[in-house]
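What follows is each chain in one-letter form.
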Amino acid sequence: MGELRLMKGNEALAEAMIRAGADGYFGYPITPQSEVIEYLTAAKPHESTGMVVLQAESEVASINMLYGGGATGKKVCTSSSSPGISLMQEGLSYIAGAEIPVVVVNVVRGGPGLGDIQPSQSDYFQSTKGGGHGDYRLIVLAPSSVQEMSDFVPIAFDLAFKYRNPVMIQSDGAIGQMMEKVELFEPIPRLTDKQVKDLYPWATNGKPKGGQRRIMTSLDLDPARLERHNHHLQEKYHTIDENEVRFEEFNCEDADYVIVAYGSSARISQKALQLLRAKGIKVGLLRPITLWPYPTKKIQELVKQGVKGFLSVEMSAGQMVEDVKLAVNGKVKVEFFGRVGGIIPSPEEVVDALEHKLIGE
Amino acid sequence: MSEIAIQNIIKPENLVYQKSRLMTEKPLSYCPGCGHGTAHRLIMEVIDELGKENDTIGVAPVGCSVLAYEFMDIDMQEAAHGRAPALATAIKRLWPDKVVFTYQGDGDLAAIGTAETIHACNRGEKIVIVFVNNGIYGMTGGQMAPTTLEGMKTSTSPYGRDVALMGNPLKITELVAQLPGTYYVTRQSVHNPGAVRKAKKAIKKAFQNQIDNAPGLSFIEIVSNCNSGWKMTPVDANNWMVDNMFPYYPIGDIKVDGELIK
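A quick note: this is a predicted structure, and the numbers were derived from the prediction, not measured. Every chain begins its residue count from 1, and numbering advances along the sequence as written. Going through the entries in the order they are written, you letter the chains from A and number the ligands from 1. Given that this is a predicted model, residues contribute local features only at a pLDDT of at least 70 and side-chain atom pairs are listed and counted only at 80 or more, while totals for whole chains, interfaces and linings are drawn from all residues. To obtain the side-chain values, all non-hydrogen atoms of the structure were included, while hydrogens and water were left out.

(A) Quick look at the overall build of chain A. Secondary structure counts use DSSP, requiring at least four H or I residues in a row for a helix and at least two E residues in a row for a strand, with both numbered from the N terminus. For chain A, the helix and strand inventory stands at 15 helices and 15 strands. Over its C-alpha trace chain A gives a radius of gyration of 21 Å, about what one expects of a compact globule, namely 21 Å for 361 residues. In terms of principal-axis extent, the alpha carbons of chain A reach across some 75 × 50 × 40 Å. For every residue, the accessible area obtained with a 1.4 Å probe (protein chains only) is divided by the maximum for its type, and the residue is called buried under 20%, exposed over 50%, and partly exposed between those limits. Expressed as a percentage of the 361 residues in chain A, the buried residues total 58%. Here a residue-residue contact requires only that any non-hydrogen atoms of the pair lie within 4.5 Å. Counted over contacts in chain A with a minimum sequence separation of 6, partners at least 24 positions apart contribute 78%. Surface accessibility in these figures is a Shrake-Rupley result with a 1.4 Å probe; residues are shielded only by whichever protein chains are displayed. Accessible surface, chain A: about 13,900 Å² in total, of which carbon and sulfur atoms supply 52%. Here the positive residues are Lys and Arg and the negative ones are Asp and Glu; neither His nor the chain ends is included. For charged residues, the charge sits on one atom: NZ in Lys, CZ in Arg, CG in Asp, CD in Glu. Computed over 38 positive and 45 negative side-chain charges, the inter-centroid distance for chain A is 4 Å. We compute the radius of gyration over the C-alpha atoms and compare it with the globule rule, which gives 2.2 Å times the number of residues raised to the power 0.38.

(B) Structural detail: the packing of aromatic side chains. Between the rings of Phe, Tyr and Trp (Trp by its six-membered ring), a pair exists once the centres lie within 6.5 Å; its type follows the angle of the planes, with under 30 degrees stacked, over 60 edge-to-face, and the other angles tilted. Inspection of every chain in the model, using the stated rule, returns nine aromatic pairs over all chains. Here A:Tyr200 and A:Trp202 contribute two aromatic rings whose centre-to-centre distance is 5.6 Å and whose plane-to-plane angle is 40°, an arrangement assigned as tilted. Centroid distance B:Tyr248 to B:Tyr249: 5.0 Å. Interplanar angle 85°. Geometry classified as edge-to-face. Accessibility expressed as a relative area gives 28% for B:Tyr248, which makes it partly exposed.

(C) Looking closely at the sheet that holds strand S3 (residues 99-105) of chain B. Paired strands, in this sense, are two strands between which DSSP finds at least two bridges. An order of S9(A)-S2(B)-S1(B)-S3(B)-S4(B)-S8(B)-S7(B)-S9(B)-S10(B) is seen for the nine strands of this open sheet, with the pairing classed as mixed. Each having just a single partner strand, strand S9 (215-216) of chain A together with strand S10 (259-260) of chain B make up the two edges of the open sheet. This element, helix H4 (residues 84-94) of chain B, spans strand S1 (56-60), strand S2 (75-78), S3 and strand S4 (128-133) of chain B of the sheet and lies at about 180° to S3(B). A fitted line through C-alpha atoms serves as each axis, taken over the contacting stretch for helices, and the angle formed by two N-to-C directions is quoted from 0 to 180°. Running over the sheet, helix H9 (residues 193-211) of chain B touches S3, S4, strand S7 (182-189), strand S8 (217-223) and strand S9 (252-256) of chain B and is turned about 165° from S7(B).

(D) Just the interface of chain B and chain A, in detail. Contacts between the two partners involve 35 residues from chain B, matched on the other side by 37 residues from chain A. At the boundary of chain B with chain A, total buried surface from both sides reaches about 2,900 Å², with 59% on carbon and sulfur atoms. For the chain B face of the interface with chain A, the top three residues by lost area are B:Asp75, B:Leu94 and B:Trp95, together amounting to 25%. The shortest N-O distance in the salt bridge between A:Lys207 and B:Glu53 comes to 2.7 Å. Polar contacts here mean pairs of N or O atoms no more than 3.5 Å apart (in protein, one a potential hydrogen donor and the other a potential acceptor; neighbouring residues in sequence count only if both atoms are side-chain atoms). Put simply, chain B and chain A have 19 residue pairs in polar contact (both at pLDDT 80 or more) between them. Counting residues per element, the side of chain B that touches chain A draws most heavily on H4(B), which supplies seven residues. Each residue gets one of three labels, nonpolar for Ala, Val, Leu, Ile, Met, Phe, Trp, Tyr, Cys and Pro, charged for Asp, Glu, Lys and Arg, and polar for the others, Gly among them. When grouped by side-chain class, the residues that make up the side of chain B that touches chain A number 17 nonpolar, seven polar and eleven charged. Where S9(A) meets S2(B), two bridges bridge the pair, whose relative direction is parallel. Note on terms: buried area is the combined drop in 1.4 Å-probe accessible area of two parts once they are placed together, counting the loss on both. A carboxyl oxygen of Asp or Glu within 4 Å of a side-chain nitrogen of Lys or Arg is what we treat as a salt bridge.

(E) Summary view of the pairing of strand S12 (residues 283-288) of chain A. All names here are of chain A. By the criterion of burial, S12 is predominantly enclosed, with six of the six residues buried. Here S12 shows no split at all, with Val 283, Leu 285 and Arg 287 on one side and Gly 284, Leu 286 and Pro 288 on the other all buried. Both strand S10 (residues 247-250) and S12 contribute to a ladder of four bridges, which runs antiparallel. Its bridge partner being in S12, Phe 250 is matched across the sheet by Leu 285. Sheet topology note: the strand S11 (residues 257-260)/S12 ladder contains four bridges and is parallel. What sits directly across from Ile 259, in S12, is Leu 285. Think of it like this: strands point away, you trace from the first strand over the helix to the second, and a clockwise trace means the crossover is right-handed. The parallel pair S11 and S12, bridged by helix H12 (residues 263-278), forms a crossover whose chirality is right-handed.

(F) Seen up close, the state of the cysteines. Sulfur atoms of two cysteines make up a disulfide when they are within 2.5 Å. For the structure shown, the criterion picks out zero disulfides over all chains. Unpaired in terms of disulfides, B:Cys34 finds its nearest cysteine sulfur in B:Cys31, a separation of 6.4 Å.

(G) Molecular detail of the domain arrangement of chain A. Residues and elements named next belong to chain A. Domain parsing of chain A yields domain 1 (4-193) and domain 2 (248-359). Of note, the centres of domain 1 and domain 2, computed from C-alpha atoms alone, are 27 Å apart. If you look at the interface, domain 1 gives 29 residues, while domain 2 gives 26 residues. Summed over both sides, the interface between domain 1 and domain 2 buries roughly 2,200 Å², with carbon and sulfur atoms accounting for 51% of that surface. When the area that domain 1 buries against domain 2 is broken down by residue, the three leading residues are Gln 121, Tyr 124 and Phe 125, summing to 33%. Where domain 1 touches domain 2, the interface holds three salt bridges. Glu 180 serves as the salt-bridge partner of Arg 267, at 2.5 Å between the closest nitrogen and oxygen. Domain start and end points were adopted from an automatic or database domain assignment.

(H) How the structure looks around the pairing of strand S8 (residues 179-183) of chain A. Residues and elements named next belong to chain A. Only one face of S8 is buried, namely the one carrying Glu 180 and Val 182, since none of Met 179, Lys 181 and Glu 183 on the opposite face is buried. Bridge count between strand S1 (residues 4-8) and S8: five bridges; the pairing is antiparallel. Residue pairing for S8: Arg 5 is matched across the bridge by Val 182.

(I) How the structure looks around helix H15 (residues 347-359) of chain A. Residues and elements named next belong to chain A. The first and last C-alpha atoms of H15 sit 17 Å apart over 13 residues, in line with the 18 Å expected at 1.5 Å per residue. Residues of H15 that are buried include every one of Pro 347, Val 350, Val 351, Ala 353, Leu 354, Glu 355 and Leu 358, and no others. Looking at the buried positions of H15, the neighbouring elements they touch are S11, H12, S12, strand S14 (309-314) and strand S15 (333-338). Positioned one or two residues after H15, Gly 360 has a phi angle of 90°, which is positive. Multiply 1.5 Å by the residue count of a helix minus one, and that product is the helix's expected span.

(J) Main features of the environment of A:Asp220. Residues and elements named next belong to chain A. With respect to the helices, strands and loops of the structure, Asp 220 is situated in the loop between S9 and helix H11 (223-243). Asp 220 has contacts with Arg 225 and Leu 226, leaving out every residue within four places of it along the chain. Engagement of the side chain of Asp 220 in a polar contact is seen with the backbone nitrogen of Asp 222, the distance being 3.1 Å. A polar side-chain atom of Asp 220 sits 2.9 Å from a polar atom in the side chain of Arg 225.

Here it is as structure tokens:
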């Protein structure tokens, strides 16, 4: 049993960054996730693990610090909330193009624009469909508890380095701010400079003696070569899609209807599921843990299994529901229920939506 | 001169000049007469002379020198437009024993990347910034830069820069010299052999500062020409630069060892 603590999601995330052996955090304060950089500066990890923590002048600077640091083979991460993540999209596109492993956390708040500081899930399109320019993908992990705010950090770093790809942990203001019991994992030591050099020969940390220089760039002015690079990226994304889908299911075995929800919406939907089961309605819950790659095949299996309809529950105007529809491909009914602007739906609203939108009067 | 006579001349004892060892074989993509090639060469010579070939990471910008990494035979990263100082900040903080520099043009450093420039300088990041100022956006076809002189014609100031409409040419080098985080700030040029020698000395001083762990950032502006953007011959461009750029952007040290030159 690891160390137990009562923590905010943002604090658990920050502690996990230190414990995951991160070499650097570069960030800019924004509500509702400023506790992350506050926790890190207070914890002084440069004195314990040697981790660098720096408050940048903007989110534009912090994502480009990740570009520079990640390209040297070091484990680097940042966190922000929706408006700040929008500012990072240029950098993420470059990082994806140059294939640099970085971890970015989005504690989503209501939008569009400055929106508000309440929890939301309205950045799903941005994180799973590109966000920045060009054909690229982020691996997106969606925690639904304070425990997962901690647990997903080392997983995110592992995926980032396994595929040399940016990984996003997409949380929301509720999970960032709420306090829960969390079991902390044992600290993972930071790699030494020599280990970094040996493990990541692609990294730009000083040309090897007698070896070839390395270049980290997303630029290639030769269209034929750039097309080949794009094909290489697409093959990588295909491999990720084949191997890295993560989800959790509840009561799907005998379900007539399945709620699809992630993050905070999944927590609320779990309660709704209990209420519906108590009414004798056979409902299951599918919780995507990776928003990209998406559990498309799992949804298709559920259709084959005889599920009559799906309800996508989101704190958005209906974003993930498009992926549910793509997976279902018109075979059965797909409905959506959501609240926007930072409003968290109640379990009763979800029950009502499932009964009226999916089952009918 | 016959082939045999030339062969007799090519001997080590007659060698006065050669391609810098740390410049790659790739032909430079710069226009004939442009100062970028000389500036690249000087940096590579300095890194070679300081024995830092295997311990240096360079960051290239967006602009004419976007392909700087093609010509410099060391580990390099290619930044997004204006962001090189942010990349360099993280590289240096994560690898404090390495030598880190950025190479940036005027649009990159003094327009889109102003925030990154000012804050890297103000934090006193222990890096070297080489800033090539030719008063124009060369890569995109000769548009107005933040450093374009008053009255200077560019493709987006076709009747000359009107400061009432377009603002004033930005003396970013004087600006960063005011910040406590800068340790060495100088303005040089590479338009004749004397200037090249002085510029190399300044570049070497900047890199030596970093190796010596001097408390702050070293910033070298190189005032250069853009004969194709300025629509002049290389010789005319250099003369125009001396007559027009140098009075506004005077050559010489601005801050040495953390002290402003009076």
